[in-house]
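# Reading the structure
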Amino acid sequence: MLSSNINLKEAFSLLSSNAHLRVCTHYLADVDAVCSSFLLRTIFPGYEVVFFDKPTYTARRVLKSYGFEYVVQEAEEVNCAEAVLVDNNDASLIPALQGEFLLCIDHHTSSSPVKSKYYAIERNSPSTTHIIYSMMKENGIVPTKIQSELILLGILSDTHMLASVPNRRLFKDLHELFSVEGVSDYDSLASLIRSVLTDSEKIVFARSFNNYAMYKDKSKSLLFIMSDCQSFQSLVATKLIECIGADFSMAYAPYPKSDELRVSLRSSPRVGIHLGKLAMEISVKLGGSGGGHEHAAGMNLPLRTEKNLEQVALSLLSNYYSLEQINI
Ligand SMILES: [Mn+2]
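Analysis parameters
- Residues numbered from 1 in each chain as written.
- Predicted model: local features only at pLDDT ≥ 70, side-chain atom pairs only at ≥ 80, totals over all residues.
- Pairing = 2+ DSSP bridges.
- Helix = DSSP H or I, 4+ residues; strand = E, 2+ residues; numbered from the N terminus.
- Axes fitted to C-alpha atoms, helices over the stretch in contact; angles between N-to-C directions.
- Left-handed = near helix turned anticlockwise from the far one by under 90°.
- Contact = placed C-beta atoms within 7 Å.
- Nonpolar A, V, L, I, M, F, W, Y, C, P; charged D, E, K, R; others polar.
- Buried ≥ 20, exposed ≤ 12 C-beta atoms within 10 Å, placed from the backbone.
- Core = buried A, V, L, I, M, F, W, Y, C linked by C-beta atoms within 7 Å.

### Structural notes on the sheet that holds strand 12 (residues 289–292)
Reading across the sheet, the 8 strands line up as 6-12-13-11-10-9-8-14 and stay open at both edges, with mixed pairing between neighbours. The sheet is open, and its two edges are formed by strand 6 (109–110) and strand 14 (323–325), each paired on a single side. Bridging between strand 11 (residues 260–267) and strand 13 (residues 296–302) involves 7 bridges; their strand directions are antiparallel. Following the sheet pairing, Val-263 is matched in strand 13 by Met-299.

In structure tokens:
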């Protein structure tokens, strides 16, 4: 826990005492990021939502369906001292921002924390929208239909449609939220954020199987797949779990322009290790940055580490599993 972590009641009164703040999030804002941003705006109408670039395709679908308006602004132009950062506390994901935020609300593990005066970090929360929901509950605010849906969309998205649930108390919250008058049912909310592949994503996904390595832990009957790809590494890693039924996936793509190797890790609920911690361990060994959740994590590494990455990942994984390569 960070030293200036404040509790949710304190975070709420901090927000209430600032009538005009900007709400920012990481680049390529995802569903939880955009829902958290606009959830704050529904509570504090004087706030303005600012994204640093275009949100993801799915996140834009959510914004469109609610008619939410946002501003896209260069990160360098944002005055951090008058801004709240949601769904990110990793400085390497917003490299252009050097200032100190007023408050950072997030649920990720990070190896390079952003500068913020106060933090409200709840690593066991399923989503950032859920942290804000807890904040609302602590202050006796009953969510409206739209607020409930935004909270639910963040939760559904970050738990992979409830495939990875941190604790069973979440079901009580889900029951409360789905019981709010007028709230859409599970199917309609889920279909709004279910990922649909674009044609270029389908091509990259199909091509990504040129170079791959498969390993099995026979006693635990777990399947591990590592693959390089041209781009869309997070999509490839996710689909390896969802479509192929792997238990652990690592996909990586080179970004020579920024001299980076971008890596995504995903796992099924059957894998017992915390991927955010594994990402931190690998990135410490290879000189980059990394972090994330129990079942989804990412790393930015120096491009030159590409040839060592799989070996380093394998040696760390072999502390927990006995892996045998599968050759077909
Ligand atoms: Mn999130």
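### With respect to the packing of helix 5 (residues 145–158) against helix 7 (residues 186–193)
Remark: helix 5 packs on helix 7, axes separated minimally by 10 Å, with the N-to-C direction vectors making an angle of 60°. Once helix 5 is placed against helix 7, the crossing between them reads as right-handed. For the pair helix 5 and helix 7, contact is made by Glu-149, Leu-152, Leu-153, Leu-156 and Ser-157 and by Leu-189, Ala-190, Leu-192 and Ile-193, respectively. Residue composition of the contact of helix 5 with helix 7, grouped by class: 7 nonpolar, 1 polar and 1 charged.

### Details of the sheet that holds strand 3 (residues 71–72)
The strand order across the open sheet built from 6 strands is 3-2-1-4-5-7, with neighbouring strands paired in parallel fashion. Looking along the sheet, the strands with just one partner apiece sit at the ends: strand 3 and strand 7 (116–121). In the packing of helix 1 (residues 8–16) onto the sheet, contacts are made with strand 5 (101–106) and strand 7, and the angle to strand 7 comes to roughly 130°. Sitting on the sheet, helix 4 (residues 128–138) touches strand 4 (83–86), strand 5 and strand 7, and the angle it makes with strand 5 is about 105°.

### Things to note about helix 9 (residues 233–242)
Burial analysis of helix 9 places 8 of its 10 residues in the buried class, which makes it a mostly covered element. Restricting attention to buried positions, one finds in helix 9 the residues Gln-233, Ser-234, Leu-235, Val-236, Ala-237, Lys-239, Leu-240 and Ile-241. The secondary structure elements touched by the buried residues of helix 9 are helix 8 (199–207), strand 9 (222–228), strand 10 (248–255), strand 11 and strand 13.

### A word on the nonpolar core
Formed by 51 residues in total, the largest nonpolar core has its most connected members in Val-34, Val-84, Ile-105 and Leu-153. Take this core: its biggest share by element is 7 residues, from helix 2 (residues 31–43). Beyond its immediate chain neighbours, meaning those up to four positions away, Val-34 contacts Ala-29, Pro-55, Ala-59, Val-62 and Leu-63.

The values are spatial; any link to function lies outside them.
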